[in-house]
Amino acid sequence: MKVKSLFVAILATMLVGTQAVYAQTVADATAANAATSNSGKVKKQRVVRAFEVELAGGIVTPTEKLHFDKNHLGWNAQAELRYNFKRLPLDLGLHVDGALFKRDGQVMDTADDLKQIAKAKFTSITGLGVIDLNFLRSKGFSIFVGCGAGYAMLLNDIRAIEKVKDIDKYGCFCVMPRVGIELFHHVRATFYYKHFTVDKGAGINQDHFGASIGVVFGGGKKKAK
């Protein structure tokens, strides 16, 4: 229920924000055209570059312990190609990433009723289409909120002391709401939540929160000719 509420809040913010920022964009363009007509001079305007690439890395933490005793912070690495709309505060992109985190716990050996320490690695590889709504994009500091959706491949590797090994793979749908800030058009901090639609009965829930720092190549501002 909390996840659904979060999605609704993000979508509502994007719709309201798009209307407000677009209205301001139209107003600014009208004022600029009026100023140009009055002065009789053509003034160069600054526009957003069309394409940009981001390389990023950060940390992740799972949302549930499942039947384990402890969660450990993990890491993520990601790359994203984005297209910036010229007259709208929106961008569309393709996002790929990999994440890994660990859990520790105890498992019961049914043969001799002994408890064993189990260590598990949880890995996810995702490919998503993403969309962001940008606020204050013309400034050196901007805020964005967005969401991604696509396909994920999940892998869990559980090992116990007595060489017990269990490796499972699953493919599923993934959604990723996110929010973040961008500094000087080239440094980007993102906070996100990933939800995987894999059957919880499979015991491989990998839903997690993440934070990343990325470097953006391209993008930024340029003067229109």
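The model shown is predicted, which means the values in this text are computed figures rather than measured ones. (Residues numbered from 1 in each chain as written. Predicted model: local features only at pLDDT ≥ 70, side-chain atom pairs only at ≥ 80, totals over all residues. Heavy atoms only, no water.)

**Some words on the overall build of the protein chain**
Working step 1: Within the protein chain, the regular secondary structure consists of one helix and eleven strands.
Working step 2: N-terminal to C-terminal, the α/β element order of the protein chain is α-β-β-β-β-β-β-β-β-β-β-β.
Working step 3: Relative to its full complement of 225 residues, the protein chain shows a buried share of 37%.
Working step 4: Summarising the internal contacts of the protein chain: among those between residues at least 6 apart in sequence, 64% fall at separations of at least 24. (Helix = DSSP H or I, 4+ residues; strand = E, 2+ residues; numbered from the N terminus. Buried < 20%, exposed > 50% of the residue type's maximum accessible area, 1.4 Å probe, protein only. Contact = heavy atoms within 4.5 Å.)

**Here's the deal with the nonpolar core**
Working step 1: Counting 18 residues, the largest nonpolar core has Ala152, Leu154, Cys172 and Phe196 as the members making the most contacts within it.
Working step 2: Mapped onto this core, the elements with two or more residues apiece are β5 (90-109), β6 (114-135), β7 (141-160), β8 (165-183) and β9 (187-196).
Working step 3: With five residues, β6 is the largest single contributor of residues to this core.
Working step 4: Leaving out residues up to four positions away in the same chain, Phe196 has contacts with Ser124, Thr126, Ala152, Leu154, Cys172, Phe173, Cys174, Gln206, Asp207 and His208. (Core = buried A, V, L, I, M, F, W, Y, C linked by side-chain atoms within 4.5 Å.)

**Section: the environment of Gly105**
Working step 1: Along the chain, Gly105 turns up in strand β5.
Working step 2: Note on Gly105: relative accessible area 4%, which makes it buried.
Working step 3: For the pair Gly105 and Ala118, spaced 13 residues apart in sequence, the C-alpha separation works out to 5.2 Å.

**A short note on unusual backbone geometry**
Working step 1: The backbone of Phe184 shows a phi angle near 55°, a positive value even though the residue is not glycine.
Working step 2: Classification of Phe184 by relative accessible area gives exposed; the value is 62%.

**Details of the pairing of strand β10 (residues 208-218)**
Working step 1: The pairing of strand β2 (residues 51-62) with β10 spans eleven bridges and is classified as antiparallel. Of the residues in β10, the one forming a bridge with Glu52 is Gly218.
Working step 2: Strand direction decides the pairing type here: β9 and β10, joined by eight bridges, are antiparallel. Bridge pairing in β10 links Val187 to Val215. (Pairing = 2+ DSSP bridges.)

**Focus: a nonpolar patch on the surface**
Working step 1: On the surface, Leu136, Phe141, Ile143, Val179, Ile181, Leu183, Phe184, Val187, Phe191 and Ile213 cluster together into a nonpolar patch covering about 880 Å² of accessible area.
Working step 2: At the level of secondary structure, the elements contributing two or more residues to the nonpolar patch comprise β7, β8 and β9.
Working step 3: Take the nonpolar patch: its biggest share by element is three residues, from β8.
Working step 4: Inspection of the secondary structure puts Phe184 in the loop between β8 and β9. (Patch = residues over 30% accessible without salt bridge, like charges linked within 9 Å, V, L, I, M, F, W, Y side chains within 5 Å. Areas by Shrake-Rupley, 256 points an atom, 1.4 Å probe, with all protein chains shown as cover. Salt bridge = Lys/Arg side-chain N within 4 Å of Asp/Glu carboxyl O.)

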